[in-house]
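# Architecture and fold: a report
Below, each chain spelled out in residue letters.
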Amino acid sequence: MNKWLRLACAGALVAGTLSVCALAADFTASAEHLNGLGLFQGTGNGYALDRAPTRAEAAAMLVRLLGAEDEAQELVYDAPFIDLVDWQKPYVQYLYENGFANGTSATMFSPEQPCTAQMYAAFLLRALGYNEADGDFTYAQAVAAAQEHGVYDPAVIDTSDFLRDDVAAASYTALSLTPKGAEGTLLDRLVADGAVDAEAAARYQELFSTYAEYREDTAGMDELTTFSISSEYPGGAGFVRGGADGETVLAMQTQETMAFDRTTDTIQANRVLTLSAPGVEDTTMIAESELVDGVMRRRLGGDWAEQPVTAAEQARLMAAYGPVPLAYIESIDKGDHADYPYDSRWTISFDSPSALYSELMWPVERAVGSLDGAEFHALMLVQNVEDNRIMTQGLTVEFTTPDDIYGQPVLVSRLNTGN
């Protein structure tokens, strides 16, 4: 046992500090929600979220989001594209007939070519009533327009490595948005048109309504350009072997300050981590790190080491303290503020570990190792809001690792400064 503890403590010292940890984005829940509404289909290998979508798959998704599945299936195919198989023709015919999509040449649609983030952004914007003819956006700027209208959240959608995972998250998010010139959400419109079953949609309509209130309540966070947070595991965190009632094998204490500058997309962090275990001398790590111009720099009392960070990873790091994107949320509830000194309290639960908080959970992974393969029993975030700003948030993660280490750490972060 002592050998394992010594390795854990040593591993914490040599590991990087401001790093993108093992909890990767996975929007299986979004795919399942869409599937339950009849708007997303899997393949022979499940949802196949780890590969790029094809142009034909994107065409089918857009037709469904337009509520035009039945209409498309009744069309006679007379589009000029000669490279389509039977199942693809109704969707492409509908899009071609309505001016929503073109081929890659006069006679080829190239249905098996990858659908890019730019192409799918244009598809979703059209589904929401925006179009190039009215000057709402240009195809060249489709990604930027999708971000502006809330369809693509940079902390969710990886536009450089665009996968069916991103398709599911973006499509699910689009359902919660209000189409141009309309009242209600896109999902409301699909229900009204009979394209989505009203009973199946009811719980999502309630969720989207609550989420819209949450985003309005926390809108002050979007106005902050520079701010800092302090984080700690109050009273430390203990990890045990053999379940919740097992023997404590390791304890952890942290102190951390992270400063964010959204005008330059930079983060600076100063951290102290102390690990304690029976029979092993306490191990303390003092670390500095910074993210500047897409490069992670970090040191543990020595020279700086550098690591490039992708745009998607950087966006998630910048969003680690703020409103939670819809695609990550399983449920959200607003509590009664009478019993605490804040304007409102929001409790958010997740289906699976969120990549947004992998960075804030770095001490846990340094203590017990990678959480890949861990069984998660509870994932919950509580945010206290005052004057439309998230003043504190508490992240609770209860898990058991494959080697039977159990933990229920609670990370509390506080907003220190803002403008």
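For the structure itself, look to the data block above.
Below is a summary of the structure that appears in this document. Computed from a predicted structure; not experimentally measured. (Residues numbered from 1 in each chain as written. Predicted model: local features only at pLDDT ≥ 70, side-chain atom pairs only at ≥ 80, totals over all residues. Heavy atoms only, no water.)

### Let's talk about the environment of Ala212
Worth spelling out the cut-off: Strands here mean DSSP runs of E at least two residues long; helices mean DSSP runs of H or I at least four residues long; both are numbered from the N terminus. Accessibility here uses a 1.4 Å probe with only protein chains present; expressed as a share of the type maximum, an area under 20% marks a residue as buried, one over 50% as exposed, and anything in between as partly exposed.
Turning to its location among the elements, Ala212 is positioned in helix α10 (residues 198-217). Note on Ala212: relative accessible area 45%, which makes it partly exposed. Counting along the chain gives 99 residues from Ala212 to Gln113, while the straight-line C-alpha distance between them is 36 Å.

### Looking at the packing of helix α3 (residues 55-65) against helix α8 (residues 164-175)
Between two packed helices, the angle of one axis relative to the other and the distance separating the axes together describe the packing. This is how the line gets drawn: To obtain each axis, a line is fitted to C-alpha atoms, and for helices this fit is confined to the stretch in contact; angles are then taken between N-to-C directions over 0 to 180 degrees. The cut-offs work like this: below 35 degrees is roughly parallel, past 145 is roughly antiparallel, 65 to 115 is roughly perpendicular, and the gaps in between are oblique. Helix crossings are classified by the rotation of the near helix relative to the far one: an anticlockwise turn of less than a right angle makes the crossing left-handed, while a clockwise turn makes it right-handed. Contacts between residues were defined by any pair of non-hydrogen atoms, one from each residue, lying within 4.5 Å. Classes in brief: Ala, Val, Leu, Ile, Met, Phe, Trp, Tyr, Cys and Pro nonpolar; Asp, Glu, Lys and Arg charged; the others, Gly included, polar.
Look at α3 against α8: their axes get within 12 Å of each other, and the N-to-C directions meet at 15 degrees. In terms of their interaxial angle, α3 and α8 are classed as roughly parallel. In the packing of α3 onto α8, the handedness of the crossing is right-handed. Facing Glu57, Met61 and Leu65 of α3, the residues of α8 in contact are Arg164, Val167, Ser171 and Leu175. Residue classes in the contact of α3 with α8 are distributed as four nonpolar, one polar and two charged.

### A word on the pairing of strand β6 (residues 295-299)
To keep things clear, this is the line we draw: Pairing between strands is defined by DSSP: at least two bridges between them are needed.
Where burial is concerned, the two faces of β6 differ: the one with Met296 and Arg298 is buried and the one with Val295, Arg297 and Arg299 is not. Inspection of the sheet shows strand β5 (residues 280-292) paired to β6 by five bridges, in the antiparallel sense. Its bridge partner being in β6, Glu290 is matched across the sheet by Arg297. Following β5, the chain reverses through two residues before pairing antiparallel with β6; Asp293 in that reversal takes a positive phi of roughly 55 degrees. Examined bridge by bridge, β6 and strand β7 (residues 305-308) share four bridges and lie antiparallel to one another. When the sheet's bridge partners are listed, Met296 is paired in β7 with Gln307. Taken together, β6 and the strand that follows it, β7, pair antiparallel across an intervening segment of five residues, in which Gly301 is found at a positive phi of about 80 degrees.

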